[in-house]
Each structure stands twice: as C-alpha cells, then as structure tokens.
Amino acid sequence: MKILIINGPNLNMLGKRDKKHYGTLTLKTINKKLKLISKGRAKLTFYQSNCEGKIVTYIQKHLNYDAMIINAGAYTHTSIAIHDALEMFKGKIVEVHLSDLNTREDFRKTDYISSLASKCIMGLHENSYYEALSYLLKE
C-alpha cells in the first residue's frame, strides 16, 4: 500500500506554534512516529508546502497512490484548487487536523476537503495523524 501524507502551510512550524492548538511535536517527529506505526506495511511519502499550487501539483503527480492523509492547514478553508485536485484522487482520503476546527474561529468551519474524505480526524494533536494511519492500515 502506498500512502501519501500531505501537510499544508505553517505545519513546518509545529513545535513553535500555539501548543494549545497544535501540540508540542515537530512535523519531523510526527513523521518518524508514523513510520514506526506503519512497520513497513505501507510505503509512506511525506510532503509539506506553504504554497497552494505546489500542493495541487504534488497531488496530481501522485494520483496512483492507494490512500492519502491530508492536513491542508489554512487551505482547508480557502482552496477550491486543492479540492479539485483531490477529486481526481481515487484512493481513500483521510483529512486530519491537530486542533478541533469546530471549537475554533468561525472562518475555520468552512472546509473544502471534508466532502471528499472517507474520514476526518481532528482535535487530537499528533494523535490525529496516528489514528488516520491506523485507520488506513486496517482497511
């Protein structure tokens, strides 16, 4: 199984951002733990970009993957372009967020990804990613 793990803007700053919302771990640490959880059962490919167009292009180049975990960050609330790229992806999509969007600012309640996702996991800090991977490995 090939799983793409995409992270959007500012997720490269984990560990430095508001720890109440985003936890204390860096993205590098989260990715290392995902590899440990996978135990070689899946090929994990990690990608992070602060640029919307680069995320769109990366999704387009990896349409042959079996599944995707995506935290589009702020683009969750604004990017029709990422939504449209995800429409072409035929594998399972799991949307993750470190914080619970439902308890945050009103503008974060707009979500262009959720309608395409098989599952949305949020509010569990880094455990959102770990649960997403466990879900995909059980499928």
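Before reading on, note that the structure itself is shown above.
Residues numbered from 1 in each chain as written. Predicted model: local features only at pLDDT ≥ 70, side-chain atom pairs only at ≥ 80, totals over all residues. Heavy atoms only, no water.

This part is about the sheet that holds strand S5 (residues 119–122). On the basis of which strands lie adjacent, the open sheet formed by 5 strands has the order S2-S1-S3-S4-S5 and parallel pairing. Strands at the two margins of the open sheet, each flanked by one partner only, are strand S2 (43–48) and S5. With strand direction ignored, the average angle separating the axes of adjacent strands in the sheet is 15 degrees. Looking at chain direction, strand S1 (residues 2–7) and strand S3 (residues 67–71) are connected through 5 bridges and run parallel. When the sheet's bridge partners are listed, Ile 3 is paired in S3 with Ala 67. (Pairing = 2+ DSSP bridges. Helix = DSSP H or I, 4+ residues; strand = E, 2+ residues; numbered from the N terminus. Axes fitted to C-alpha atoms, helices over the stretch in contact; angles between N-to-C directions.)

Let us look at the side chain of Asn 7. With respect to the element layout, Asn 7 can be found in strand S1. Exposure remark for Asn 7: the relative accessible area of 1% places this residue in the buried category. A polar side-chain atom of Asn 7 sits 2.4 Å from a polar atom in the side chain of Tyr 129. Among residues more than four places away in sequence, those in contact with Asn 7 are Leu 27, Tyr 47, Gln 48, Ser 49, Ile 55, Asn 71 and Tyr 129. (Buried < 20%, exposed > 50% of the residue type's maximum accessible area, 1.4 Å probe, protein only. Polar contact = N/O pair within 3.5 Å; in protein donor to acceptor, adjacent residues only side chain to side chain. Contact = heavy atoms within 4.5 Å.)

This part covers helix H4 (residues 80–88). The complete set of buried residues in H4 reads Ile 82, His 83, Ala 85 and Leu 86. Viewed end-on, H4 has its buried residues packed into an arc of 165 degrees, placing them on one side of the element. For H4, the secondary structure elements touched by its buried residues are helix H3 (52–61), S3 and strand S4 (92–97). Where H4 begins, the capping side chain belongs to Ser 79, and its oxygen is found 3.4 Å from the backbone nitrogen of Ala 81. (Arc of directions from axis to C-beta.)

Our focus in this paragraph is the pairing of S1. Note on strand geometry: in a regular strand, side chains alternate between the two faces of the sheet. Among the 6 residues of S1, 5 are classified as buried, and the element is accordingly described as predominantly covered. In this sheet, S2 lies alongside S1 in parallel orientation, the contact comprising 6 bridges. By the bridge assignment for S2, Asn 7 is matched with Gln 48.

The subject of this paragraph is the environment of Glu 52. By secondary structure assignment, the location of Glu 52 is in helix H3. With 26 residues separating them along the chain, Glu 52 and Thr 78 place their C-alpha atoms 10.0 Å apart. Setting aside residues up to four positions removed in sequence, Glu 52 forms contacts with Tyr 75, Ser 79, Ala 81 and Ile 82.

A few words now on the pairing of S4. Taken across its 6 residues, S4 has 5 buried, putting it largely inside the fold. Direction of pairing for S3 relative to S4: parallel, over a ladder of 4 bridges. Along S4, the bridge assignment pairs Ile 69 with Val 94. Regarding topology, H4 serves as the crossover connection from S3 to the parallel S4, and that connection is right-handed. With 4 bridges joining them, S4 and S5 adopt parallel strand pairing. (Right-handed = clockwise from strand over helix to strand, strands pointing away.)

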